[in-house]
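Residue-level listing of the chains:
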Amino acid sequence: MHDQNFTTAFTVDCTPEEAFAAINDVRGWWSEDIKGRTEKAGDIFNYRYKDIHRCTIKIKASVPGERVVWNVVDNYFNFTEDRTEWKGTDIVFDISKKGGKTELRFTHVGLIPEYECFDVCSDGWTTYVNGSLRSLIATGKGQPNVGEPMNESERALAL
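Residues numbered from 1 in each chain as written. Predicted model: local features only at pLDDT ≥ 70, side-chain atom pairs only at ≥ 80, totals over all residues. Heavy atoms only, no water.

## A closer look at the overall build of the protein
Of the regular secondary structure elements, the protein holds four helices and seven strands. Its C-alpha radius of gyration of 15 Å places the protein within 12% of the 15 Å reference for a compact globule of 159 residues. Principal-axis analysis of the C-alpha atoms gives the protein an extent of 50 × 40 × 25 Å. Expressed as a percentage of the 159 residues in the protein, the buried residues total 45%. Taking as baseline every contact in the protein between residues at least 6 positions apart, the subset at least 24 positions apart corresponds to 53%. If you average the places of the 19 positive and of the 25 negative side-chain charges in the protein, the two averages end up 4 Å apart. (Helix = DSSP H or I, 4+ residues; strand = E, 2+ residues; numbered from the N terminus. Rg over C-alpha atoms; globule rule 2.2 N^0.38 Å. Buried < 20%, exposed > 50% of the residue type's maximum accessible area, 1.4 Å probe, protein only. Contact = heavy atoms within 4.5 Å. Lys, Arg positive; Asp, Glu negative; His and termini not counted. Charge placed at Lys NZ, Arg CZ, Asp CG, Glu CD.)

## Side note on the packing of aromatic side chains
On inspection of all chains with the given rule, the structure shows 14 aromatic pairs. Arranged with centres 3.9 Å apart and planes meeting at 10°, the rings of tryptophan 30 and tyrosine 47 form a pair that is stacked. Residue tryptophan 30 is found in the loop between helix 2 (26-29) and strand 2 (35-36), and its partner tyrosine 47 is found in strand 3 (residues 44-49); the two are separated by 17 residues along the sequence. The class for tryptophan 30 is buried, based on a relative accessible area of 2%. With a relative accessible area of 5%, tyrosine 47 lands in the buried category. Ring geometry for phenylalanine 77 against tryptophan 86: centres 5.4 Å apart, planes inclined by 90°, an arrangement best described as edge-to-face. Judged by relative accessible area, tryptophan 86 falls into the buried class, the value being 3%. The rings of Phe6, Trp29, Trp30, Phe45, Tyr47, Trp70, Phe77, Phe79, Trp86, Phe93, Phe106 and Trp125 are connected pair by pair, giving a single aromatic cluster. Here the guanidinium or amino end of arginine 54 rests over the ring plane of tyrosine 76, the centre of that ring lying 4.3 Å away. (Phe/Tyr/Trp six-rings, centres within 6.5 Å; stacked < 30°, edge-to-face > 60°. Lys NZ or Arg CZ within 6 Å of the ring centre and 35° of its normal.)

## Thoughts on the environment of valine 12
Structurally, the position occupied by valine 12 is in strand 1 (residues 6-12). Through-space distance from the C-alpha of valine 12 to that of valine 92 is 18 Å; in sequence the pair is 80 residues apart. Setting aside chain neighbours within four positions, we find valine 12 in contact with Lys101, Thr102, Ile137 and Ala138.

## Looking at the environment of aspartate 43
Along the polypeptide, aspartate 43 turns up in the loop between strand 2 and strand 3. A relative accessible area of 7% means that aspartate 43 is categorised as buried. It is 9.6 Å that separates the C-alpha atoms of aspartate 43 and tryptophan 70, two residues lying 27 residues apart in sequence. Not counting residues within four places of it along the chain, the set of residues in contact with aspartate 43 comprises Arg37, Thr38, Ile57, Lys58 and Ile59.

## As for the pairing of strand 3
As defined by bridge partners, strand 2 adjoins strand 3 across two bridges and the pair is classed as antiparallel. Among the inter-strand pairings, glycine 36 is bridged to a residue of strand 3, identified as phenylalanine 45. Of the strand pairs in this sheet, strand 3 and strand 4 (residues 53-63) are connected by six bridges, and their pairing is antiparallel. Of the residues in strand 4, the one forming a bridge with phenylalanine 45 is isoleucine 57. In this structure, the hairpin formed by strand 3 and strand 4 is closed by a connection of three residues, where lysine 50 is found at a positive phi of approximately 50°. (Pairing = 2+ DSSP bridges.)

Everything listed here is a matter of coordinates, which is why it stays silent on function.
This is the structure we're talking about:
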């Protein structure tokens, strides 16, 4: 059976440990609006982008220089019929040495073509992973979403 989970990969001139550190710097490549800890297994954080997308993520696994696995505990999209489409999916970052470089393979396990958000979400992940995360690893600067002020109800949801 063909694996249809969204996957993308790139190689970069750095150590696996440097790639691992950049992945865990979620505010440096995905969004400045991350609330919570993002460094080790058991940590839980909240992501939000305007009123379009918000999710709660728990770090399931964190093996320095090798692998990070997130589990989407809760999710909300304002643009899909099933607003919780990502709920229960895993987001996996596999790190390995390839020649003299480091390969980072990103897989969103459960993000499949049958999902309404597949095209939009795949494009988004490609931008964040192959663009912003890769830039953070290579140059020390990513292009995360810029933080926005939250109203009281959004602040309560982010806690």
